[in-house]
Amino acid sequence: MWIYEKKLQYPVRVSKCDPMMAKFLIEQYGGADGELAAALRYLNQRYTIPDKVIGVLNDIGTEEFAHLEMIATMVYKLTKDATVDQLQAAGLGAHYANHDKALYYENASGVPWTASYINAKGDPIADLYEDIAAEEKARATYQWLIDMTDDVDIQDSLKFLREREIIHAIRFREAVEIIKEDRATRKIF
Amino acid sequence: MKMNHEERTYVPFRSPFDPCPPLPCRTYVVPVNQYVVFQPPDLPQFSPAEALKHGTLWPSLYSPYVSRKMKGE
Ligand SMILES: [Fe+2]
């Protein structure tokens with residue numbers, strides 16, 4: 001189970017009225033390397049990974065939901081006061097036709113989220129290497145998002161999220177080292 | 001703009017028949033996590049407030065990033 005804290009993991013402030021940025025940020029909401037995919041990937045893999053590293057997947061999977069909430073907050077702030085004209089001009093007309101201003105799990109091109117974005121091979125090495133790659137891909141996506149805005153406040157939150165991906169990647173690399181270790185061959189004196 | 005020490009650059013092949021004027025170079029980032037196999041114990045830590053700002057407790061795992069838009073790229 002989870003205990004919910006009614007606050008964001010890191011503050012989100014949006015200072016520039018830029019609905020088009022919402023369209024791009026959705027990539028990290030419902031895209032292949034986004035936060036939803038990350039959370040579901042790790043929390044699902046927990047059941048078939050060696051006991052010693054379940055906690056890593058548990059902690060990081062949980063944190064990804066906190067990141068999902070931060071992205072949702074950015075998208076919400078960028079769209080809540082936008083007129084229909086502004087949404088259309090920002091390239092969100094197709095989204096509006098289907099969803100009004102509702103958030104939806106889709107990527108920046110409007111492709112709905114799918115479980116085929118994530119894997120569960122049941123092989124601990126294969127799964128952890130997928131997780132490492134997923135973190136580096138999310139880190140890169142954050143870079144491209146930071147590149148596309150000059151709002152220093154949204155950049156600040158995105159830089160926090162980018163750094164978290166770097167930390168997650170090293171945690172998964174450490175998890176690989178932990179499961180590589182063969183305790184049976186260790187000599188005890 | 002201050003050079004990011006994690007940034008690597010290369011110049012892609014330039015053809016005499018390229019349609020657009022060439023950009024000076026391509027850049028990519030190799031984050032600090034690529035040089036640590038297993039984090040050693042007892043590394044120096046940020047203060048809690050600094051850690052929140054940086055997104056990590058560990059100065060040695062902090063990776064800065066500057067928007068390409070801000071750098072005029
Ligand atoms: Fe992550």
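Counting restarts for each chain, with residues numbered from 1 along the sequence as it is written. Written order decides the labels, with chains lettered from A and ligands numbered from 1. Local features in a predicted model are, by the rule used here, given only for residues with pLDDT of at least 70; side-chain atom pairs are given and counted only at 80 or more, and totals for whole chains, interfaces and linings are based on all residues. Here the side-chain values reflect all heavy atoms present in the structure, with hydrogen atoms and water set aside.

With an unreviewed UniProt entry as reference, chain A is termed Spore coat protein CotJC, source organism Paenibacillus lemnae. UniProt positions are given in the numbering used here, feature names are shortened, and annotations may be inferred rather than shown by experiment. The UniProt entry for chain A carries this comment under Sequence similarities (unreviewed entry): "Belongs to the manganese catalase family."

Draft legend 1. Layout of the packing of aromatic side chains. Aromatic pairing here means that ring centres of Phe, Tyr or Trp (its six-membered ring) are within 6.5 Å. Orientation follows from the plane angle: under 30 degrees is stacked, over 60 is edge-to-face, and everything else is tilted. Throughout the structure, instances matching the rule amount to five aromatic pairs over all chains. Here Tyr29(A) and Tyr105(A) contribute two aromatic rings whose centre-to-centre distance is 4.7 Å and whose plane-to-plane angle is 10 degrees, an arrangement assigned as stacked. Here Tyr105(A) lies in the loop between α6 (93–99) and α7 (124–147) and Tyr29(A) lies in helix α2 (residues 27–30), a separation of 76 residues in the sequence. The exposure class assigned to Tyr105(A) is partly exposed, which follows from its relative accessible area of 34%. Considering the side-chain rings of Tyr10(B) and Tyr28(B), the 6.1 Å spacing of their centres and the 55 degrees angle between planes classify their relative orientation as tilted. Note that Tyr10(B) is positioned in strand β1 (residues 7–10) and Tyr28(B) in strand β2 (residues 26–29), a separation of 18 residues in sequence. Note on exposure labels: buried denotes an accessible area under 20% of the residue type's maximum, exposed denotes more than 50%, and partly exposed covers the range between, all computed with a 1.4 Å probe on protein chains only. Residue class for Tyr10(B) comes out partly exposed when judged on its relative accessible area of 40%. Among the residues examined, Tyr28(B) registers a relative accessible area of 41% and is labelled partly exposed. Helix numbering and strand numbering both begin at the N terminus, where a helix is a DSSP run of H or I of at least 4 residues and a strand a DSSP run of E of at least 2.

Draft legend 2. Examining the layout of surface pockets more closely. Residue and element names in this part refer to chain A. Taken as a whole, the largest pocket encloses approximately 380 Å³ of empty space. What lines the largest pocket is simply Trp 2, Ile 3, Tyr 4, Glu 5, Lys 7, Leu 8, Gln 9, Thr 62, Glu 63, Phe 65, Ala 66 and Glu 69. A class-by-class count of the residues in the lining of the largest pocket yields six nonpolar, two polar and four charged. Definitions used throughout: a 1 Å grid over protein atoms alone; a cavity as a set of points that fits a 1.4 Å probe which cannot get out; a pocket as an open set with protein on both sides within 12 Å along at least five of seven lines; a lining residue as one with an atom within 4 Å of a point. Grid points are joined across faces, edges and corners, and a volume is the space filled by probe spheres set on the points. The residue classification treats Ala, Val, Leu, Ile, Met, Phe, Trp, Tyr, Cys and Pro as nonpolar and Asp, Glu, Lys and Arg as charged. All others, Gly included, are polar.

Draft legend 3. Fine view of empty space enclosed by the protein. Residues and elements named next belong to chain A. If you walk through the whole model with that rule in mind, you get two cavities of 30 Å³ or more. Counted as a void, the largest cavity has a volume near 40 Å³. Lining the largest cavity, in full, are Asp 33, Gly 34, Glu 35, Ala 38, Arg 41, Tyr 42, Glu 64, Ala 134, Glu 135, Ala 138 and Glu 165. Of all the secondary structure elements, the ones that give two or more residues to the lining of the largest cavity are α3 (35–45) and α7. Tallying contributions element by element places α3 first for the lining of the largest cavity, with four residues.

Draft legend 4. Region of interest: the nonpolar core. Residue and element names in this part refer to chain A. Ranked by internal contacts, the top residues of the largest apolar core, which has 24 residues, are Leu 25, Ile 71, Met 74, Leu 158 and Leu 161. Mapped onto this core, the elements with two or more residues apiece are α1 (19–25), α4 (51–79), α7 and α8 (152–180). A per-element tally of this core places α4 first, with seven residues. In this description, contact between two residues means that some pair of their heavy atoms is separated by no more than 4.5 Å. Not counting residues up to four positions away in its chain, the partners in contact with Met 74 are Val 12, Val 14, Leu 25, Ile 154, Ser 157, Leu 158 and Leu 161. Residues grouped as a nonpolar core are buried Ala, Val, Leu, Ile, Met, Phe, Trp, Tyr and Cys residues, joined through side-chain atoms within 4.5 Å. The next biggest cluster of nonpolar side chains, apart from the first, holds 12 residues, and it includes Ala 38, Tyr 42, Ile 49 and Phe 172.

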